[in-house]
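Working through the structure, step by step
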Amino acid sequence: MESEAVKTEVIRQVKTQYAIDNVKQLMEKINDHCFQRCVPKPGTSLSGGEQACFTQCMEKYMLAWNQVSTTYISRLQREQQ
Amino acid sequence: MDSSLADHDLEKLNEKDKLELRSFLANENQKARVQATVHSLTDMCFKKCVTGTIRGGKLDGSEEGCIANCTDRFLDVSRLTVNHLQNMRQG
């Protein structure tokens, strides 16, 4: 491999690893919060209502993540000036 | 292209590419730190702001506002802590 190819490959692997870590963290938090909220009394199977709640909770959590991200980043930018 | 990197492949990096990689890594590291903060803030603010029964996958207006305020106020507080500790050190 040439230097250029090695560099490109390192960049690709690092980016993939960071993306995986990010998704893992997000999934962990979603499972924590939404299981707590949507499955208060676990039964012998996941009910339709619980599944619907979980999906909506997950969507809400991701929107919340985006909202925090936007707020935090715009603050960082403001304070850097 | 073979996607696996062997240790000795890294020795093939020339100085220019090494430099470029260093700044790429510093940049990615910083992004990861920002993301870690976003994860922990979301964790905290979701708990505080999304308290009602979950009906629908959107955030309602008050939840959205609450999350933005929660983020901003937490950052205010963490700055207060830094300032206070600095004052204690000087005092």
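Residues numbered from 1 in each chain as written. Chains lettered and ligands numbered in written order. Predicted model: local features only at pLDDT ≥ 70, side-chain atom pairs only at ≥ 80, totals over all residues. Heavy atoms only, no water.

A look at the interface of chain B and chain A
Each side of the interface is counted separately: chain B has 47 residues, and chain A has 39 residues. Each partner contributes to the roughly 4100 Å² buried at the junction of chain B and chain A, and carbon and sulfur atoms together form 64% of this total. Three residues, B:H39, B:F46 and B:I54, lead the burial of chain B against chain A; their summed loss comes to 17% of the area buried on that side. The interface formed by chain B and chain A holds 7 salt bridges in total. Across the salt bridge formed by A:K29 and B:D43, the nearest N and O atoms sit 3.2 Å from each other. Only α1 (15-49) and α2 (61-90) of chain B provide two or more residues apiece to the side of chain B that touches chain A. Looking at the side of chain B that touches chain A, the element that brings in the most residues is α1(B), giving 18 residues. For the side of chain B that touches chain A, the residue count by class is 18 nonpolar, 13 polar and 16 charged. (Contact = heavy atoms within 4.5 Å. Buried area = accessible area lost by both parts, 1.4 Å probe. Salt bridge = Lys/Arg side-chain N within 4 Å of Asp/Glu carboxyl O. Helix = DSSP H or I, 4+ residues; strand = E, 2+ residues; numbered from the N terminus. Nonpolar A, V, L, I, M, F, W, Y, C, P; charged D, E, K, R; others polar.)

Re the pattern of salt bridges
Residue and element names in this part refer to chain A. Within the structure shown, the criterion is met by 16 salt bridges over all chains. Residues E4 and K7 are paired through a salt bridge, measuring 3.7 Å at the closest nitrogen-oxygen approach. With E4 and K7 both in helix α1 (residues 3-38) and 3 residues apart, this pair spans about one turn of that helix. With relative accessibility at 46%, the residue E4 sits in the partly exposed group. (Buried < 20%, exposed > 50% of the residue type's maximum accessible area, 1.4 Å probe, protein only.)

Quick look at the UniProt feature "domain: Tim10-like" (unreviewed entry) in chain A
Under the present numbering, the feature "domain: Tim10-like" (unreviewed entry) in UniProt falls on residues 13-73 of chain A. Secondary structure content for residues 13-73 of chain A is 85% helix and 0% strand, and the end C-alpha separation is 26 Å. (UniProt positions renumbered as here; feature names shortened; annotations may be inferred.)

Brief notes about the state of the cysteines
For the coordinates displayed, the defined rule picks out 4 disulfides over all chains. In this model, A:C38 is linked to A:C53 through a disulfide, with the two sulfur atoms separated by 2.0 Å. Taking the sign of the torsion about the S-S bond as the criterion, the disulfide between A:C38 and A:C53, at about -70°, is left-handed. Pair noted here: A:C38 is in helix α1 and A:C53 is in helix α2 (residues 48-80), with a separation of 15 residues, a long-range link. Here A:C38 and A:C53 have matching classes, each one buried. Each sulfur in the disulfide pair B:C45 and B:C70 lies 2.0 Å from the other. (Disulfide = S-S within 2.5 Å.)

Here we look at the nonpolar core
Counting 24 residues, the largest nonpolar core has A:C57, B:V38, B:F46 and B:I67 as the members making the most contacts within it. Of all the elements in the fold, those that place two or more residues in this core are α1 and α2 of chain A together with α1 and α2 of chain B. The leading source of residues in this core is α2(A), at 7 residues. What B:V38 contacts, discounting residues up to four positions off in sequence, is A:W65, A:V68, A:S69 and A:Y72. (Core = buried A, V, L, I, M, F, W, Y, C linked by side-chain atoms within 4.5 Å.)

Quick word on α1(B)
The terminal C-alpha atoms of α1(B), which comprises 35 residues, lie 50 Å apart, in line with the 51 Å expected from a rise of 1.5 Å per residue. Residues of α1(B) that are buried include every one of B:D17, B:L21, B:F24, B:E28, B:V34, B:V38, B:H39, B:L41, B:T42, B:C45, B:F46 and B:C49, and no others. Turning to α1(B), the residues buried within the fold contact α1 and α2 of chain A together with α2 of chain B. (Expected span 1.5 Å × (residues − 1).)

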